[in-house]
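Fold and contact review
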Amino acid sequence: MTVGKDTSLGQLETSYRSKIQELTEQRAELSKQLGACDEQLKVFQEKLHWVQTLIVAPDGARIPQRTKRRRKSPVKLITYQVLRDRPGQWLTARQIFTAIRKDTNKRVSRQSINVNLNLLEKSGQIQRRPAPKGSGGAQYVFSAV
């Protein structure tokens, strides 16, 4: 080894030590800033929590939201009316469809009639049973309770 190499290694060592010292100081400063940020974060999270509890509280400043009124289906009412006007008769969905068109001159779809028949049957307002043979391919017949 020569003397020139030793001096350059010594210089490298001191420059590395100074860099390490500088980065350590920078890390300490950033850690201090991080601690301050964490404290502020905790404070604001607590404030947010209190504001949210005030909003949810019954006497809070919460604005009551309007609930949507459930619209009564005119097809459901007409379907039930057709069955109620024919007590003791068991009608297929197709016969109900035809009766609605004759009675009210309204054009309703078979799908809407089928959906409303299922709803009326679930609510217990009408009865459903398997259709007898010769009913034109219908699966069920319906009657008002």
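Overview of a positive patch on the surface
Taken together, Arg94, Arg101, Arg107 and Arg110 make up a surface patch of like positive charges. With respect to the helices, strands and loops of the structure, Arg110 is situated in helix α4 (residues 110–123).

Here we look at unusual backbone geometry
Backbone geometry follows two general trends: most residues other than glycine have a negative phi, and most peptide bonds adopt the trans configuration. For Asn105, which is not a glycine, the phi torsion comes out positive at approximately 60°. Turning to its location among the elements, Asn105 is positioned in the loop between α3 (93–104) and α4. Asn105 gets classed as exposed once you look at its relative accessible area, which sits at 68%.

A word on the environment of Ala138
As for its placement among the helices and strands, Ala138 is situated in the loop between β1 (126–130) and β2 (140–144). With relative accessibility at 27%, the residue Ala138 sits in the partly exposed group. Here the alpha-carbon distance between Ala138 and Ala93, two residues 45 residues apart in the chain, equals 7.6 Å. Not counting the four nearest positions on each side in its chain, Ala138 is found in contact with Thr92 and Ala131.

Digging into the nonpolar core
Counting residues in each nonpolar core, the largest one holds 18 residues, and the members touching the most others are Val82, Leu83, Ile96, Ile100, Ile113, Leu117 and Ile126. For this core, the secondary structure elements donating two or more residues are α2 (74–84), α3, α4 and β2. Leaving out residues up to four positions away in the same chain, Ile126 has contacts with Tyr80, Leu83, Leu117, Leu120, Glu121, Phe142, Ser143, Ala144 and Val145.

Digging into the environment of Ala99
With respect to the element layout, Ala99 can be found in helix α3. Relative accessible area serves as the criterion here: at 9%, Ala99 is assigned to the buried category. Ala99 sits 17 residues away from Val82 along the chain, and the two C-alpha atoms are 6.9 Å apart.

Focus on α4
In this model α4 runs 20 Å from its N-terminal to its C-terminal C-alpha over 14 residues, within 8% of the 20 Å that 1.5 Å per residue would give. Buried within α4 we find Ser112, Ile113, Asn116, Leu117 and Leu120. What you see down the axis of α4 is that its buried residues fit within an arc of 135°, all on one side. Facing away from the buried side of α4 by over 90 degrees, the exposed positions are Gln111 and Lys122. Gly124 occupies a position one or two residues after α4 and carries a positive phi of about 85°.

Conventions adopted
Residues numbered from 1 in each chain as written. Predicted model: local features only at pLDDT ≥ 70, side-chain atom pairs only at ≥ 80, totals over all residues. Heavy atoms only, no water. Patch = residues over 30% accessible without salt bridge, like charges linked within 9 Å, V, L, I, M, F, W, Y side chains within 5 Å. Areas by Shrake-Rupley, 256 points an atom, 1.4 Å probe, with all protein chains shown as cover. Salt bridge = Lys/Arg side-chain N within 4 Å of Asp/Glu carboxyl O. Lys, Arg positive; Asp, Glu negative; His and termini not counted. Charge placed at Lys NZ, Arg CZ, Asp CG, Glu CD. Helix = DSSP H or I, 4+ residues; strand = E, 2+ residues; numbered from the N terminus. Buried < 20%, exposed > 50% of the residue type's maximum accessible area, 1.4 Å probe, protein only. Contact = heavy atoms within 4.5 Å. Core = buried A, V, L, I, M, F, W, Y, C linked by side-chain atoms within 4.5 Å. Expected span 1.5 Å × (residues − 1). Arc of directions from axis to C-beta.

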